[in-house]
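Now for the letters of each chain:
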Amino acid sequence: MSLFSSNDEHFCTPFALHNQTNTRRDQIEISRLEPENEYGNVEYKLRLTDPTPERVERLVTQLKWRIREGQGEAILFLGVKDNGHFVGLTPDEIRLSLQTLERMSSKIGATMTIVKERIVDPESIQESEVEQMTKAKGKVTRNKAVCERQSKENATQLAKSVTNNQDLSASGGTAKKISIGKGSRRGLVRKVIQVLVKRKTHDISEELRVAVLGPTESGKSSLLGVLSHGEYDNGRGSARLNLFRHRHEVRSGHTSSISQEIFGFNSHGQPLTYNNCLTTEEIIESSSRIVTLIDLAGHQRYLSTTLFGLGSHSPDLVLIVISAISSITNITTDHISLALGMEKSLAIVINKVDLASKDLQDACYDELVRALQMIHPEITPQMIITLNDAMVAGARLDDSNHLPIFFTSCVTGFGLQALYAFFNEISTRINPDDLNNAVSKTSELQVDETFEVPGIGTVVSGLMIEGIIREGDEMLLGPDDAGNFSNVSIVSLQRHKIPCNLARAGQKCTMAIVADKIKVRKGMVMKEMDHEWRQNFSVCIRFSARIRFINGKRPKLSRGCPVSIYVGNVKQTCSVASYEIDSIDETLQVQLKLTKRPEYIRDGSRIILRHAMTKAIGTVTYVEKLFDN
């Protein structure tokens, strides 16, 4: 959607929000704009001729703010005062101001386009200046002496400029691009220039998603806060405040929701955090690799949120954090079993070593090794001490038999450099051929979070499963309570809060959409337009799965008993329609029926099943499509 009319006889006036409809007036009627607003993506500049380097830096910062306000676009009016009065620029001022603006744009990787030029009536300039000089006492008066003096000065200046303009035109200079308007009484035209500055999309070529699990009091959120912000904890939980989203989390010190933070690595492998970068945008621009840390709840009360996060965020690595001053709990062993059962790469951090003696640290490590041997005897624990150990562990993480174990302290910083080196060496688990194949398929996005933003409307975020999605695309969203899909359109698109034009398979993104005919919720999918969607989309009430309960804890199931299932971004209660135990491998073949509404579930998807205090992991083996003919 264009911000500007293609009709040259209209001039765009400022608007408060990027997605609001522009107000347009006829060019002849406009003599001024509304006063400049400190919010929004519209900026007025009287002129940008020959600024000092210090001023250029301030102007660049200001431009970045306007671009962020405009979701990647900013509108600049050159030759306009802050109060909206048109003053206009001479040809030389236009040339110098545009050169400065081009230099500013190049510093932030943006492009600039001249959208409109408006001829300014000299009388309106004169009236504006007189008003400003005579407004000091609160009442505007017409000072004839001032008007006469100003008229003479303007006439002399314009006469000189006409001569210069004619000389430049004869020699092929810049001024021949500036036309002489019929409405000008003194020859030289002053113009207001409207410029669109658009930020180029920064495509993150490499991203590592890390889901962080751990029991309460393990220092999990503090560790993430230290890693992403580059500042040590004060020993009282100051670092974790950067991740908490709710007031009750701050009061209790326990994570109850899914929060995310990022840090990056430059081309030399040095970590880039909020300690050496001011904004997320700066981190992404300067990084050759981005690490997204996904903080999942550790308290048993919020287990449902944790299981949903594991399924919907599709992490490349699961990092489990335990405390050096606590014993291994059932929650820790369940987290390890879940990660291994979902075939995720796994690493473990023994945190809070500043509070534990060497003997206590060794005891914690030995207890952990014994627990690992009981869960998965083939695993070989590897204690990470040096930076070289960390880099080797990261490079061979695909070898599932090796499990790196780190020792860290958020207060002293012990072991953090080894953890950074480990993250930098890990290769993402997505095979390039598989990724190219996924990108070439029809677009599909799993919705795992929804918002209603004032002035914007409906906003959804989720993971791209297949294909490419672009700003302006028309998509199908569903299923609703009846299993149907409705048309929606994508208004704007962001990744890591940075405006972008598209998102590819394997990437997380957030988008503003127009969805008037459907109530948006978590668990929906956004699919490419398909007129035969009833036959092609895998919407179901009933499906089958082969599962295995973790840690050997198999409950007694019966027909009709309720269970909770997590399949990708789908979280719902099911009833067991039937089940059969395989005596050879001790797996269960279960048929499940969704109790609330139809869902989009695909064959081969990973499933987590929860019944009371037991959990099972498996694969969807059959989907009974709702609209099969």
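If you're wondering where the values come from, they're calculated on a predicted model, not measured in any experiment.

Undergrad: Tell me what's going on with the pairing of strand S18 (residues 474–478), and back it up with residues and numbers.
TA: Along a regular strand, successive side chains alternate from one face of the sheet to the other. Taking burial as the measure, the five residues of S18 include four buried ones, the bulk of the element. Of the strand pairs in this sheet, S18 and strand S19 (residues 486–495) are connected by four bridges, and their pairing is antiparallel. Following the sheet pairing, Leu476 is matched in S19 by Asn487. Where S18 and strand S23 (residues 525–528) come together, four bridges link them in antiparallel fashion.

Undergrad: Before we move on, can you summarise the side chain of Gln446 with the specific residues and values?
TA: Tracing the chain through its elements places Gln446 in strand S15 (residues 444–453). Beyond its immediate sequence surroundings of up to four residues, Gln446 is in contact with Ser312, Ser461, Gly462, Leu463, Ile465, Met524, Val525, Gly568 and Asn569.

Undergrad: Report on helix H1 (residues 53–69), specifying residues and quantitative values.
TA: Relative to the 24 Å expected for 17 residues at 1.5 Å per residue, H1 spans 25 Å between its end C-alpha atoms, a close match to the ideal helical length. Those residues of H1 that fall on the buried side of the exposure criterion are Val56, Leu59, Val60, Leu63, Arg66 and Ile67. Within H1, the buried residues cover an arc of 125 degrees as seen down the axis, which keeps them to one side. Exposed residues lying more than 90 degrees from the buried face of H1 are Glu54, Arg58 and Thr61. Turning to H1, the residues buried within the fold contact strand S3 (42–45), strand S4 (73–78), helix H2 (91–107) and strand S6 (190–199).

Undergrad: A description of the state of the cysteines should follow, citing residues and the corresponding values.
TA: With the rule as written, the count across this model stands at zero disulfides. Free of any disulfide, Cys574 has its nearest neighbouring cysteine sulfur in Cys540, separated by 8.5 Å.

Undergrad: Run through the nonpolar core, naming residues and quoting values.
TA: If you look at the biggest cluster of nonpolar residues, it comprises 36 residues, and the most contacted ones within it are Leu310, Ile320, Ile322, Ile348, Ile350, Leu368 and Ile405. Secondary structure elements with two or more residues in this core: strand S7 (207–213), helix H8 (303–312), strand S11 (317–323), helix H9 (330–341), strand S12 (345–351), helix H10 (358–375) and strand S14 (402–407). Per-element tally for this core: the top contributor is H10, with five residues. Residues in contact with Ile405, not counting those within four places in the same chain, are Ile348, Ile350, Tyr365, Leu368, Leu372, Pro381, Gln382, Met383 and Ile384. Counting residues in each nonpolar core, the second largest holds 31 residues, with Val212, Val291, Leu293 and Ile384 among its members.

Undergrad: Go over the sheet that holds strand S8 (residues 259–265), please, and point to the residues and values.
TA: Spatially, S9-S8-S10-S7-S11-S12-S14-S13 is the arrangement adopted by the eight strands of the open sheet, whose pairing is mixed. Where the open sheet ends on each side, the last strands, each with one partner, are strand S9 (271–272) and strand S13 (380–383). Bridge analysis of S11 against S12 gives seven bridges, and the strand direction is parallel. Looking at S12, one finds that Val321 is bridged to Val349. The sheet contacts of helix H12 (residues 416–425) involve S7, S8, S9, strand S10 (289–295), S11, S12 and S14, and relative to S8 the element is tilted by about 85 degrees.

Undergrad: Residue-level account of the pattern of salt bridges, with values.
TA: By the definition in use, this model includes 22 salt bridges. As a salt-bridge pair, Lys107 and Glu57 come within 3.4 Å of each other at their nearest N and O atoms. Taken together, the positions of Lys107 in helix H2 and Glu57 in helix H1 put the pair 50 residues apart, joining distant regions of the chain. Between Lys198 and Glu73 there is a salt bridge, with the nearest N and O atoms lying 3.5 Å from each other. Taken as a pair, Lys198 in strand S6 and Glu73 in strand S4 lie far apart in primary sequence, 125 residues in all. Residue classification places Lys198 among the partly exposed residues on the basis of a relative accessible area of 36%. When salt bridges with common partners are traced through the structure, they connect Lys441, Glu444, Glu466, Lys527 and Arg602 into a single cluster.

Undergrad: Give a description of the sheet that holds S6 that names residues and reports values.
TA: Sheet architecture is open: four strands sit in the order S3-S4-S6-S5, paired in mixed fashion. Edge positions in the open sheet fall to S3 and strand S5 (110–120), since each of these has one partner strand only. Direction aside, the axes of adjacent strands within the sheet are offset by 20 degrees on average. Of the pairings in the sheet, the one linking S3 to S4 comprises four bridges and is parallel in character. Counted as the bridge partner of Val42 is Ile75 from S4.

Parameters and conventions
Residues numbered from 1 in each chain as written. Predicted model: local features only at pLDDT ≥ 70, side-chain atom pairs only at ≥ 80, totals over all residues. Heavy atoms only, no water. Buried < 20%, exposed > 50% of the residue type's maximum accessible area, 1.4 Å probe, protein only. Helix = DSSP H or I, 4+ residues; strand = E, 2+ residues; numbered from the N terminus. Pairing = 2+ DSSP bridges. Contact = heavy atoms within 4.5 Å. Expected span 1.5 Å × (residues − 1). Arc of directions from axis to C-beta. Disulfide = S-S within 2.5 Å. Core = buried A, V, L, I, M, F, W, Y, C linked by side-chain atoms within 4.5 Å. Axes fitted to C-alpha atoms, helices over the stretch in contact; angles between N-to-C directions. Salt bridge = Lys/Arg side-chain N within 4 Å of Asp/Glu carboxyl O.

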